[in-house]
Amino acid sequence: MALAVRWLTLSVRARTLSVRRLTLSVGDRALAVRRRSLGVRGTVTGRWGALTGWRPVPLLPLVPPGPMGIGLLGMRRVCHQSIVGHIQPCMLQSPHFGVNGGVEVLIHLATPSRSHSMEHFSASIMALRDHGCALRDREGEWILKESAPMPPEPLAAGAPRPSHDLRVPAEVVATAEQGLAGGGRPRKRVLVIGAGMAGLVAAYELMRQGHEPVVLEAQQRVGGRVLTLRGFAPGLYAEAGAMRIPRVHDLTLAYCAKFGLTLRPFVMGNPRALAYLQGVRTTLGQLNADPGLVDFDLAEHERGRTYEDLWRTATKEIHDLYAQEGEDALDRICAEYDRYSIRSFLRERGFSEGAIELYGVMSFRESNLNAAVIEQFREIVGRAFEDMQEIEGGADLLPAAFYAELKGHIRFGHEVTAIEQDDHAVTLHVRTGAGRTSLTGDHAVCTIPFSVLRDIETRPAFSRRKQRAIRELNYNASTKILFQVRRAFWEQTDGIVGGTTVTDLPIRRICYPSHPAPGEERSVLLASYTWGQDALRWGAMPPHKRIDQAVEDVAKIHPEIHDHFEFGVTHAWYNDPHAAGAFALFEPHQQSSLHDAIVAPEGRVHFAGEHCSLWHAWIEGALESGLSAARAVHEAG
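Cut-off values and rules
Residue positions within a chain follow its written sequence, with the count starting from 1. In keeping with the predicted nature of the model, local features appear solely for residues at pLDDT of at least 70, side-chain atom pairs appear and are counted solely at 80 or more, and the whole-chain, interface and lining totals rest on all residues. Values reported for side chains reflect all heavy atoms of the structure, with hydrogen atoms and water molecules removed beforehand. Residues enter patches when they are more than 30% accessible in relative terms and free of salt bridges; like-charged ones are connected within 9 Å and nonpolar ones (Val, Leu, Ile, Met, Phe, Trp, Tyr) within 5 Å. Methods summary: accessible areas were calculated by the Shrake-Rupley approach with a probe of 1.4 Å, and residue burial reflects only the protein chains presented. The term salt bridge refers to a pairing of a side-chain nitrogen on Lys or Arg with a carboxyl oxygen on Asp or Glu at a separation within 4 Å. For the charge count, each Lys or Arg is scored as positive and each Asp or Glu as negative, with His and the chain ends excluded. Charge coordinates come from a single atom per side chain, which is NZ of Lys, CZ of Arg, CG of Asp or CD of Glu. The numbering of helices and of strands both runs from the N terminus, where a helix is a DSSP run of H or I of at least 4 residues and a strand a run of E of at least 2. Any residue under 20% of the maximum accessible area for its type is buried, any over 50% is exposed, and the rest in between are partly exposed; the area is computed with a 1.4 Å probe on protein chains only. Here, two residues are considered to be in contact whenever any of their heavy atoms come within 4.5 Å of each other. A pair of aromatic rings is counted whenever rings of Phe, Tyr or Trp (Trp by its six-membered ring) have centres within 6.5 Å, and the orientation is called stacked for planes under 30 degrees apart, edge-to-face for over 60 and tilted otherwise. When DSSP finds two or more bridges between two strands, those strands count as paired. To define axes, lines are fitted to C-alpha atoms, for helices over the stretch in contact only, and angles between the resulting N-to-C directions are given on a 0 to 180 degree scale.

A. Inspection of a negative patch on the surface at higher detail. On the surface, D295, D297, E357 and D504 cluster together to form a negatively charged patch. The residue D295 is located in the loop between α5 (284-289) and α6 (307-314) in this model. For D295, a relative accessible area of 58% puts it in the exposed group.

What follows is the structure in structure tokens.
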């Protein structure tokens, strides 16, 4: 029986090479091995190539045992000779990476059943800022080798050297392993409204400290806006909600590590992905090399420049201020720029109307140009879109891991309709399928979005400042349309593996999967991912019309969709009664005028959720705010 390697992920971190993911196909079965260490220095060889500079360390054989055991990178047993014809030769050279840097390589080795070439090769290079890397092709061999490190950004004499990342504090991240710090007061019964990520982590950490959390979830599942759709062919899934984790989101990664979840690269930028603008079809690589391929009626000084170049120039002051002062600059940035929308900021920086349009279309923010520009500044400082990861097997494995620990503390189908409290207790009035009931506890943690909380009665009423925050906090819309297709045709026709196509068509962007399902030619394509008014427009259509219209749009970019489309699935978050929006997104002035009121407790009721953090739209924000609320309850008298 022939065996073929389909995917291999290697990580180089602190002079240690690790196999992050290996998937092999044996007939129609897929085998996998994860996180096997390969040691340091020396040489490792295999029938498919050589890794120089690394000492070979035997690995455990893959299952099933016996004759099918196979050696990997220096292992002493190798399966049948027929394996040689199924694996393209490749070589990696990288023996001298610095301790503080790292490189991760994702290799898709083609097999005869899918291709006879290396056209499915994709690579993701991390820590490029700290270690320059070169990647080249030599007649079928791909070589990744270290080049000269990029010089650090200059700092003024005597200026403090800031952290490059805006991150959750280390002591908060440590909670994942160590639990809530400090001795808690007497055991408390805590009512948690909502089993999204904030509610789950709050309940979990309170439970670990001996408290009694009771989680009330209106739906029949956990995760909130982490929603993995699995109604596809066996082995396929797709994300209706959160789908990626930046490498700088330490808290999210810490809980993934705690629960033993496997991460793999989520491909963001891909020069082979397409741009379809004003009826012109080109690749992003070609458009970046020649921005004049598409006419946006730019001013003379803007012509020949990419939108990223224009944005970097406009935000140079922000970069410089952060380089000088580090995180101390954030308050100044907020005070100075909280009044600006993206549009008004770009106008103030001298952008022509054409340049504003260019930026809005290419950055997928045309529908959100009236949002607060500081939301983007925070992502600049926090490097939110660099070095993305995804949870192998689906993002819902993270809430499922929390659920496994909290099963006895969660009550599904419990919709809170009113919150009542006095000086000694909190009572929640609940609607269930069996009627109405009420539960009483010492404290409550409310994690549902303010867009949903608006419909819940409170007795006594929350403070005026809290009521204003609940009324005014802006929530962004998001709609996704997903297609199951018979074959990932974009890989063969355009050589696209991962990344995003940008378009001015109503679908706005197409996101390609970074990884195929093992042993499966079918794939799920994120055919449309929209925000703001674009998302509301799609949400106003019945689901079948969304799918029909999206097929028409995708066909203008990929005519092959007509031959491979099987069915579509869609989710509009503004139409979801348990979310009423995808994520909080400040309008101008809202951070300075609303944020303190958003996070402030009301008596015995504490608040959490991504809207209660400045990491809007991210799992990181939900987890950070959930821990903050749990800590406040834990330490309360």
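B. Focus on the side chain of H611. Positionally, H611 belongs in the loop between β33 (605-607) and α20 (619-635). Not counting chain neighbours up to four residues away, the residues in contact with H611 comprise T447, I448, P449, F450, L473, Y475, A584, I598 and H616.

C. Main features of the pattern of salt bridges. This structure, assessed with the given rule, holds 25 salt bridges. R189 is the partner of E212 in a salt bridge, and the nearest nitrogen-oxygen pair spans 2.8 Å. Here E212 is found in strand β12 (residues 212-217), whereas its partner R189 is found in strand β11 (residues 189-193), with 23 residues between them in sequence. Look at E212 and you get partly exposed, because its relative accessible area is 24%. Given a relative accessible area of 22%, R189 falls into the partly exposed group. Between R431 and E415 there is a salt bridge whose closest N-O contact spans 3.1 Å.

D. Local environment of the packing of aromatic side chains. Enumeration according to the criterion identifies 23 aromatic pairs in this entry. Between F232 and F567, the aromatic rings sit 5.9 Å apart at their centres with planes inclined by 15°, giving stacked as the arrangement. Separated by 335 residues along the polypeptide, F232 in the loop between β13 (228-229) and β14 (238-239) and F567 in strand β31 (residues 565-572) bring together distant segments of the chain. Take F567: its relative accessible area is 29%, and that puts it in the partly exposed class. Between F462 and F607 the ring centres are 5.6 Å apart and the planes differ by 85°, which places this aromatic pair in the edge-to-face class. One end of the pair, F462, is in the loop between β25 (457-459) and α14 (464-472); the other, F607, is in strand β33, with 145 residues separating them in the sequence. The two residues F462 and F607 agree in class, both being buried.

E. Broad picture of the pairing of strand β18 (residues 280-283). Where strand β17 (residues 274-277) and β18 come together, four bridges link them in antiparallel fashion. Paired with L277 across the two strands is V280, which belongs to β18. Connecting the antiparallel pair β17 and β18 is a turn made up of two residues, with Q278 showing a positive phi of about 55°.

F. How the structure looks around the sheet that holds β11. Here we have five strands laid out as an open sheet, ordered β20-β12-β11-β24-β33, and parallel in their pairing. Pairing within the sheet leaves two strands with one partner each, and these edge strands are β20 (410-412) and β33. Neighbour to neighbour, the strand axes of the sheet diverge by 20° on average, direction disregarded. Relative to β33, strand β24 (residues 443-446) is paired through three bridges, and the arrangement is parallel.

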